[in-house]
Structure formats: structure tokens, C-alpha cells
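Chain residues, written in single-letter form:
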Amino acid sequence: MGLFASRGYHGVSMDDIGSAAGVTGPALYHHFAGKEAMLVAALIPVSEGLLAGGKERIERHPDDAEAALADLIDFHVDFALANPAVIALHLHELDRLPEDPRRQIRKLQRLYVEEWVNVLSRVRPELPAPEARVLAHAAFGLMNSTPFLGGEVDRVRRAALLRDATIHALTGH
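Residues numbered from 1 in each chain as written. Predicted model: local features only at pLDDT ≥ 70, side-chain atom pairs only at ≥ 80, totals over all residues. Heavy atoms only, no water.

Per an unreviewed UniProt entry, the chain carries the name TetR family transcriptional regulator and comes from Actinoplanes couchii.

Observations concerning the overall build of the chain
Keep this limit in mind: A run of H or I in DSSP counts as a helix once it spans at least four residues, and a run of E counts as a strand once it spans at least two, with each numbered from the N terminus. Note on exposure labels: buried denotes an accessible area under 20% of the residue type's maximum, exposed denotes more than 50%, and partly exposed covers the range between, all computed with a 1.4 Å probe on protein chains only. Residue contacts are defined here by distance: any two heavy atoms, one from each residue, within 4.5 Å place the two residues in contact. For the area figures, the Shrake-Rupley method with a 1.4 Å probe applies, and any residue is considered shielded solely by the protein chains shown.
Check the secondary structure of the chain and you find eight helices and zero strands. The order of helices and strands in the chain, counted from the N terminus, is α-α-α-α-α-α-α-α. For the chain, the proportion of its 173 residues judged to be buried stands at 42%. The long-range share in the chain, meaning contacts at least 24 apart out of those at least 6 apart in sequence, stands at 65%. With the model as given, the accessible surface of the chain reaches about 9,100 Å², and the carbon-plus-sulfur share is 55%.

Observations concerning the packing of aromatic side chains
Which entries qualify depends on this criterion: Only the six-membered ring of Trp is used, alongside the rings of Phe and Tyr, when aromatic pairs are assigned; centres must lie within 6.5 Å, and planes under 30 degrees apart are stacked while those over 60 apart are edge-to-face, with the rest tilted.
Summed over all chains, the structure comprises three aromatic pairs. One aromatic cluster in this structure is built from Y112, W116 and F140.

Let's talk about the pattern of salt bridges
Keep this limit in mind: What makes a salt bridge here is a side-chain nitrogen of Lys or Arg within 4 Å of a carboxyl oxygen of Asp or Glu, nothing more.
Tallied over the entire structure, the rule returns ten salt bridges. R163 serves as the salt-bridge partner of D78, at 2.5 Å between the closest nitrogen and oxygen. With D78 in helix 4 (residues 65–82) and R163 in helix 8 (residues 155–171), this pair connects stretches of sequence that are 85 residues apart. The class of D78 is partly exposed, set by a relative accessible area of 33%. A salt bridge links D95 to R106; its shortest N-O distance comes to 3.1 Å. Remark: R106 occurs in helix 6 (residues 99–123) and D95 occurs in the loop between helix 5 (84–93) and helix 6; sequence separation between them is eleven residues. Judged by relative accessible area, D95 falls into the exposed class, the value being 57%. What emerges from the salt-bridge pattern is a single network uniting E56, R57, R60 and D71.

Describing helix 8
Here is the rule: Take the residue count of a helix, subtract one, and multiply by 1.5 Å to get its expected span. Each direction from the helix axis to a C-beta atom contributes to the arc, which is the arc of those directions. By the criterion applied in these results, polar contacts are pairs of N or O atoms within 3.5 Å in which, for protein atoms, one can donate a hydrogen and the other can accept it, and in which residues neighboring in sequence qualify only through two side-chain atoms.
Helix length check: helix 8 (17 residues) gives 24 Å between terminal C-alpha atoms against 24 Å at 1.5 Å per residue, within 8%. The set of residues buried in helix 8 consists of R158, A159, L162, T166, L170 and T171. Projected down its long axis, helix 8 shows its buried positions confined to an angular sector of 165°, all on one face. The secondary structure elements touched by the buried residues of helix 8 are helix 4, helix 6 and helix 7 (129–143). Between the side-chain oxygen of the N-cap and the backbone nitrogen of V156 there are 3.1 Å, and the N-cap of helix 8 in question is D154.

Describing the nonpolar core
We count it as follows: Here, the term nonpolar core denotes a set of buried Ala, Val, Leu, Ile, Met, Phe, Trp, Tyr and Cys residues that are joined through side-chain atoms within 4.5 Å.
The biggest cluster of nonpolar side chains holds 42 residues, and the ones touching the most others in it are L69, W116 and L170. Of all the elements in the fold, those that place two or more residues in this core are helix 3 (35–59), helix 4, helix 5, helix 6, helix 7 and helix 8. Residue contributions to this core peak at ten residues, all from helix 4. Excluding residues within four positions of it along the chain, W116 makes contact with L69, L72, I73, H76, A136, F140, M143 and L170.

Some thoughts on the packing of helix 4 against helix 8
Rule in force here: For every element, the axis is a line fit to its C-alpha atoms; helices are fit only across the contacting stretch, and the angle between N-to-C directions ranges from 0 to 180 degrees. Here the angle decides the label: under 35 degrees means roughly parallel, over 145 means roughly antiparallel, 65 to 115 means roughly perpendicular, and every other value means oblique. By the definition used in this description, the sense in which the near helix is turned from the far one sets the handedness, with an anticlockwise turn below a right angle giving left-handed and a clockwise turn giving right-handed. Residues are sorted three ways: Asp, Glu, Lys and Arg are charged, Ala, Val, Leu, Ile, Met, Phe, Trp, Tyr, Cys and Pro are nonpolar, and all the rest, Gly among them, are polar.
Packing of helix 4 against helix 8 leaves a shortest axis separation of 10 Å and a crossing angle of 135°. As judged from the angle between their axes, helix 4 and helix 8 are oblique. The two elements helix 4 and helix 8 meet at a crossing, and its hand is right-handed. From helix 4, L69, I73, D74, V77, D78, L81 and A82 reach across to helix 8, where they touch R155, R158, A159, L162, R163, T166, I167, L170 and T171. Residues belonging to the contact of helix 4 with helix 8 are distributed by class as follows: nine nonpolar, two polar and five charged.

Below is the structure:
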């Protein structure tokens, strides 16, 4: 994923991928139909994992929406800091995928967003769902800024700053 994230989909050849994996480019065709299939195989499990992980965090707090929201934020910030290349791929390369896998990934993303909207609506019942959705997307923009952050601030402090900024953006306090 690092090659796709750093060079872009069209800037990476099967030979580049093979070299990074320690095999020849043509050997990869035994496992994948091409670059497109590799990108799909990389991105779909990520989206599935975010959705499953988000649901699991929410289920930990059935009667405490604020705790569920805090756990969701922790989960996503940890993911974002650990996977900046994945975020860069989602932001810049998703639209290059064929329609069917792109739709599948977008559906998983929408379901993940709706998990956040449902929790946020419990924390802030005065918000209509469309407004909670706007805030959820704004929070993702904030948390997913990690590929663009330099290393001037250590990871622990970056996580704390992202968590604080996200909870303030979502709750207003």
C-alpha cells in the first residue's frame, strides 16, 4: 500500500510491487489479476475492519453514548495514526477502482459513518441526523489528516491533540 500511497496508482508498476514484495512482477499475476485487483484486495478489508471495529466499540457502551463516542474516536485516531498510507489511498485512489468494488467500499464507508451518526445523535439529541452526518464527516477530515502531518510532534501527543480536537468538533465542548 505504501507504493500506491507514495507514487499514486498510475505511478506504480507490477514490477515495482513485485520488487517491494521480493518477487518478480509477473509472479504476482499468479495471485492477482493486476494492480487494480491488488488495490481492491487491500482496501475492502480495511473498510470492513473499520465498520466491524466501530460497531464493536459502540457495543462496549450500550448505555453510555458519550463513552461510545470517546471509544470510537480513540479507535479511529489509532487507526489513522497507524495507517497513513491507507488513508492516502482512500483519499486519492478510490475513484480509480472499477465501479463494483468502488461501490462496495463506499457502502462500507457509509455504514461506518452511520454508526458515528447514530452515536452522535444519542450524545446530541438536538441535532437532526443530516447535521450529525456533517459533523461526522468533519471529524473524519480532522482525524484523517494524519498522512499530511509531519513528524514534529510525537505520536502520543498527536493522538491526544486529534482526540481532543475531534471531541470538541463533535460535541462543541
